[in-house]
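# Residue-level structural notes
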Amino acid sequence: MFRLKTEHLVTLAMPIASQTYQFKPTNGETRTGLPLSTYFSAVKLRWLLDNVEEIRQAVRDGRAMFGTIDSWLIWSLTGGKNGGVHCTDVTNASRTMLFNIHSLEWDSELCHFFDVPMGILPKVRSSSEIYGLMCLGDQSAALVGQMCFKDGQAKNTYGTGCFLLCNTGQKGSVAIAGAVVRWLRDNLGIVKSSSEVEKLAAEVGTSYGCYFVPAFSGLYAPYWEPSARGIICGLTQFTNKNHIAFAALEAVCFQTREILDAMNKDCGIPLSELQVDGGMTNNKILMQLQADILCIPVVKPSMPETTALGAAMAAGAAEGVGVWSLNPGDLTAVTWERFEPQINPEGKRNLKFEL
């Protein structure tokens with residue numbers, strides 16, 4: 001989010017249209033942990049500075065500040081233009097493509113390359129300390145709420161998108177997969193509500209050879225191919241909306257499998273089970289498919305709102321509060337549902353993934 005001190009707001013969600021940026025800073029991807037992509041903040045901010053005169057002038061006048069949405073919330077909740085705190089935490093800063101994940105500071109060379117004045121960036125602080133009113137990135141909060149404090153533990157949030165995070169110890173790793181249920185409802189109109197997808201899929205129990213690649217806005221992790229487009233293939237005269245619904249659920253699981261394989265390779269700690277949360281986890285077919293395709297158990301906790309729980313835990317553990325311990329030995333996770341793989345690694349779902 002980009003904001004002016006006059007409370008004029010411009011969201012960083014606009015497409016990059018007329019300009020091409022060539023990435024030349026030394027080891028840029030190594031420094032940030034991110035590939036060059038318009039998905040992240042730096043290129044969007046550069047576009048705004050190049051194309052919106054009001055923002056350029058505000059920067060020149062010292063009236064502009066930049067940050068992700070959490071920094072705007074903190075600034076607003078701590079006073080806004082009347083002395084609000086301009087800060088963010090390391091998890092959100094790491095998604096801007098301007099932050100060095102090794103030094104845990106804004107990277108001067110990257111800021112110079114994108115020609116972003118470092119003075120407009122928020123102060124980077126930890127995720128658990130007092131700085132007015134506390135905010136935590138939602139997916140990072142969910143990782144805390146799922147109590148993934150040990151190296152190699154991971155969680156996946158199934159909502160409008162899928163957000164898979166893994167605790168890799170001292171090295172960060174975040175990946176994103178897209179969901180397709182809303183597209184089936186709003187674009188194809190084959191269901192009236194998201195919950196109907198489970199019913200449709202249950203009626204057939206297979207995609208009947210239909211494959212769905214939901215690359216509506218390109219492919220993100222682990223491919224980072226923005227020009228990719230969606231595909232539905234393997235159609236026959238017998239294919240119907242039920243098969244397409246089933247293929248859509250498989251697509252979510254296949255993308256999660258791709259990301260998890262990449263995570264296992266990066267951190268070197270094979271995942272023994274996947275903890276899940278989010279609205280789509282109510283879909284039992286999706287959860288069972290995920291366990292079958294990953295060939296590991298999928299575990300759903302009794303507390304569904306793990307994002308809110310994680311934010312509360314981080315706030316309660318902050319220095320000066322001390323009402324919540326984040327020591328794994330002091331925490332007890334209660335499992336509500338557990339989905340065990342029902343096929344072996346050589347089963348047909350694994351073969352479909354390899355295809």
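An unreviewed UniProt entry lists the chain under the name glycerol kinase, with Chelonia mydas as the source organism. UniProt's Sequence similarities (unreviewed entry) comment on the chain is quoted here verbatim: "Belongs to the FGGY kinase family." One UniProt comment on the chain, placed under Pathway (unreviewed entry), says "Polyol metabolism; glycerol degradation via glycerol kinase pathway; sn-glycerol 3-phosphate from glycerol: step 1/1."

### Side note on the environment of Ala141
Here Ala141 is to be found in helix H7 (residues 138–145). Sequence-wise, Ala141 and Gly310 are 169 residues apart; in three dimensions their C-alpha atoms are separated by 4.4 Å.

### Quick word on the confidence of the model for the chain
Put simply, the chain has an average pLDDT of 81, and 81% of its residues get 70 or more. For the stretch residues 5–23, pLDDT sits under 50, and the model shows 50 contacts to residues farther than four places along the chain or on other chains. Here residues 173–178 scores under 50 on pLDDT; set against residues more than four positions off or in separate chains, the count is 26 contacts.

### A short note on the pairing of strand E8 (residues 154–158)
With five of its five residues buried, E8 lies for the most part within the structure. Taking every second residue as pointing to the same face, both faces of E8 are buried, with Ala154, Asn156 and Tyr158 on one and Lys155 and Thr157 on the other. Taken together, the three bridges between E8 and strand E13 (residues 274–277) define a ladder with parallel strand orientation. Bridge pairing in E13 places Asn156 opposite Val276.

### Concerning the packing of aromatic side chains
For the structure shown, the criterion picks out eight aromatic pairs. Judged by centre distance (5.5 Å) and plane angle (45 degrees), the ring pair of Phe40 and Trp224 falls under tilted. Taken together, the positions of Phe40 in the loop between helix H1 (28–32) and helix H2 (41–51) and Trp224 in the loop between strand E11 (211–213) and strand E12 (231–233) put the pair 184 residues apart, joining distant regions of the chain. With a relative accessible area of 1%, Phe40 lands in the buried category. For the ring pair Phe212 and Phe216, a centre distance of 6.3 Å and an interplane angle of 75 degrees mean the geometry is edge-to-face. The class of Phe216 is partly exposed, set by a relative accessible area of 38%. Put simply, the rings of Tyr39, Phe40 and Trp224 pair up and form one aromatic cluster.

### Examining the environment of Pro222
Within the element layout of this structure, Pro222 appears in the loop between E11 and E12. A C-alpha to C-alpha distance of 6.9 Å links Pro222 and Ala262, two positions 40 residues apart in sequence. If near-sequence neighbours (up to four positions away) are discounted, Pro222 is found in contact with Glu258, Ile259 and Ala262.

### Some details on the nonpolar core
Counting residues in each nonpolar core, the largest one holds 44 residues, and the members touching the most others are Tyr158, Leu249, Leu274 and Leu286. Elements with a contribution of two residues or more to this core: E8, strand E9 (161–166), helix H8 (181–188), helix H9 (196–204), helix H10 (241–267), E13 and helix H11 (284–294). The residues touching Leu249, leaving out its near neighbours within four places in the chain, are Val181, Val197, Ala201, Asn283, Ile285, Leu286 and Leu289. Ala42, Leu45, Ala93 and Val116 belong to the second-largest nonpolar core, a separate cluster that totals 24 residues.

### As for the pattern of salt bridges
On inspection of all chains with the given rule, the structure shows 13 salt bridges. The shortest N-O distance in the salt bridge between Asp107 and Arg31 comes to 2.9 Å. With Asp107 in the loop between strand E6 (105–106) and helix H6 (108–113) and Arg31 in helix H1, this residue pair connects regions lying 76 residues apart in the sequence. Here the two residues Asp107 and Arg31 agree in accessibility, since each one is buried.

Definitions and limits used
Residues numbered from 1 in each chain as written. Predicted model: local features only at pLDDT ≥ 70, side-chain atom pairs only at ≥ 80, totals over all residues. Heavy atoms only, no water. UniProt positions renumbered as here; feature names shortened; annotations may be inferred. Helix = DSSP H or I, 4+ residues; strand = E, 2+ residues; numbered from the N terminus. pLDDT = per-residue confidence, 0-100. Contact = heavy atoms within 4.5 Å. Buried < 20%, exposed > 50% of the residue type's maximum accessible area, 1.4 Å probe, protein only. Pairing = 2+ DSSP bridges. Phe/Tyr/Trp six-rings, centres within 6.5 Å; stacked < 30°, edge-to-face > 60°. Core = buried A, V, L, I, M, F, W, Y, C linked by side-chain atoms within 4.5 Å. Salt bridge = Lys/Arg side-chain N within 4 Å of Asp/Glu carboxyl O.

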